[in-house]
Amino acid sequence: MKSIIVFASGAGSNFSNIVQYAKTNNAFSIALLVVNKEDAPVILLAKEQAIPVLLLNKEVFNSSEWIATLAAYRPSLIVLAGFLWKLPENLVTAFAGKIINIHPSLLPKHGGKGMYGMRVHNAVKEANEKETGITIHYVNEHYDEGAIIMQEKTAINAIDAPEEIAKKVQELEHHFLPITIHSLLK
Ligand code: GAR
């Protein structure tokens with residue numbers, strides 16, 4: 001069975017959802033969770049599922065010393081699901097074409113450094129967008145600029161608060177991220 005590595009640093013709803021999809025569909029295994037925050041709730045979710053966790057500080061993250069550790073898991077794909085650090089070039093090169101990210105807007109709109117989570121939805125609201133959505137894309141060494149794999153849209157009503165926009169986007173993420181991972185692995 002093919003395996004993936006997930007990088008995350010937040011609540012972990014996407015991580016959890018990927019794990020459930022993989023189990024239910026006997027689709028792939030999650031070999032490792034990489035995190036950069038010791039108090040990230042996603043760590044507990046991984047432990048509940050007996051998935052190994054690798055917690056990294058920025059110094060180690062930006063070095064090349066841990067790339068061999070990742071490679072030893074022989075991942076078919078590395079999935080960034082709410083991971084906010086820019087990947088160093090040596091990591092991107094080591095796993096060229098095998099790293100994907102999910103971003104909660106229709107890139108190139110509302111992406112780039114510092115654009116994550118509610119900041120994105122607040123910006124979408126401020127810009128009076130009529131629609132928003134998700135983007136799943138390959139990762140290169142620039143924030144949110146790799147080739148787009150898929151996008152899915154959702155309409156915004158004028159009365160929608162940023163929290164409602166976030167909920168609509170999260171529903172899309174939970175539906176489309178696992179199936180996109182699965183189809184990339186086929
Ligand atoms: C997701 O909405 C993901 O798109 C976003 O972080 C959230 C993580 O939620 N990623 C970015 O904003 C990347 N720029 P989760 O921890 O509940 O999966």
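Refer to the structure presented above.
Definitions and limits used
- Residues numbered from 1 in each chain as written.
- Predicted model: local features only at pLDDT ≥ 70, side-chain atom pairs only at ≥ 80, totals over all residues.
- Heavy atoms only, no water.
- Salt bridge = Lys/Arg side-chain N within 4 Å of Asp/Glu carboxyl O.
- Helix = DSSP H or I, 4+ residues; strand = E, 2+ residues; numbered from the N terminus.
- Buried < 20%, exposed > 50% of the residue type's maximum accessible area, 1.4 Å probe, protein only.
- Near = heavy atom within 4 Å.
- Polar contact = N/O pair within 3.5 Å; in protein donor to acceptor, adjacent residues only side chain to side chain.
- Areas by Shrake-Rupley, 256 points an atom, 1.4 Å probe, with all protein chains shown as cover.
- Phe/Tyr/Trp six-rings, centres within 6.5 Å; stacked < 30°, edge-to-face > 60°.
- Pairing = 2+ DSSP bridges.
- Axes fitted to C-alpha atoms, helices over the stretch in contact; angles between N-to-C directions.
- Contact = heavy atoms within 4.5 Å.

## Focus: the pattern of salt bridges
Consideration 1: Throughout the structure, instances matching the rule amount to three salt bridges.
Consideration 2: Lys153 is paired through a salt bridge with Glu131; the nearest N and O atoms lie 3.6 Å apart. Residue Lys153 is located in strand 7 (residues 148–155), and its partner Glu131 is located in strand 6 (residues 131–138); the two are separated by 22 residues in the primary sequence.
Consideration 3: Ionic pairing is found between Asp160 and Lys168, a salt bridge with its closest N-O pair at 2.6 Å.
Consideration 4: Judged by relative accessible area, which is 23%, Lys168 ranks as partly exposed.

## Topic: the site of the ligand
Consideration 1: With respect to spatial proximity, 13 residues lie near the ligand, and among them Gly12, Ser13, Asn14, Tyr116 and Glu173 are the closest.
Consideration 2: Separating an oxygen atom of the ligand from a side-chain N or O atom of Ser13 is a distance of 2.6 Å.
Consideration 3: One nitrogen or oxygen atom from the side chain of Glu173 is found 2.4 Å from an oxygen atom belonging to the ligand.
Consideration 4: Isolated, the ligand exposes 450 Å² of accessible area, and the fraction of that covered by the protein chains is 87%.

## Re the packing of aromatic side chains
Consideration 1: Across all of its chains, the model carries seven aromatic pairs by this definition.
Consideration 2: Counting every residue linked through ring pairs, the aromatic cluster contains Phe7, Phe61, Trp66, Phe83 and Trp85.

## Observations regarding the environment of Asn122
Consideration 1: Here Asn122 is to be found in helix 6 (residues 117–126).
Consideration 2: Spatially, the C-alpha atom of Asn122 lies 9.8 Å from that of His110, the residues being 12 residues apart in sequence.

## Some words on the sheet that holds strand 4 (residues 77–80)
Consideration 1: Spatial strand order, 3-2-1-4-5-6-7: seven strands in an open sheet with mixed pairing. The sheet is open, and its two edges are formed by strand 3 (53–55) and strand 7, each paired on a single side. When strand polarity is set aside, the average angle formed by the axes of neighbouring strands in this sheet is 20°.
Consideration 2: Both strand 6 and strand 7 contribute to a ladder of seven bridges, which runs antiparallel. Of the residues in strand 7, the one forming a bridge with Thr132 is Thr154.
Consideration 3: Here helix 7 (residues 162–185) sits on the sheet in contact with strand 1 (3–7), strand 4, strand 5 (99–103), strand 6 and strand 7, set at roughly 30° to strand 6.

## Concerning unusual backbone geometry
Consideration 1: Here the residue pair Leu107 and Pro108 is connected by a cis peptide bond, since its omega of 10° sits within 30 degrees of zero.
Consideration 2: Note on placement: Pro108 falls in the loop between strand 5 and helix 6.
Consideration 3: Not every positive phi belongs to a glycine, and Asn26 is a case in point at roughly 45°.
Consideration 4: Of note, Asn26 is situated in the loop between helix 1 (13–24) and strand 2 (29–35).
Consideration 5: One non-glycine residue, Asn128, lies in the positive phi region at around 55°.
Consideration 6: Looking at where Asn128 falls in the secondary structure, it is placed in the loop between helix 6 and strand 6.

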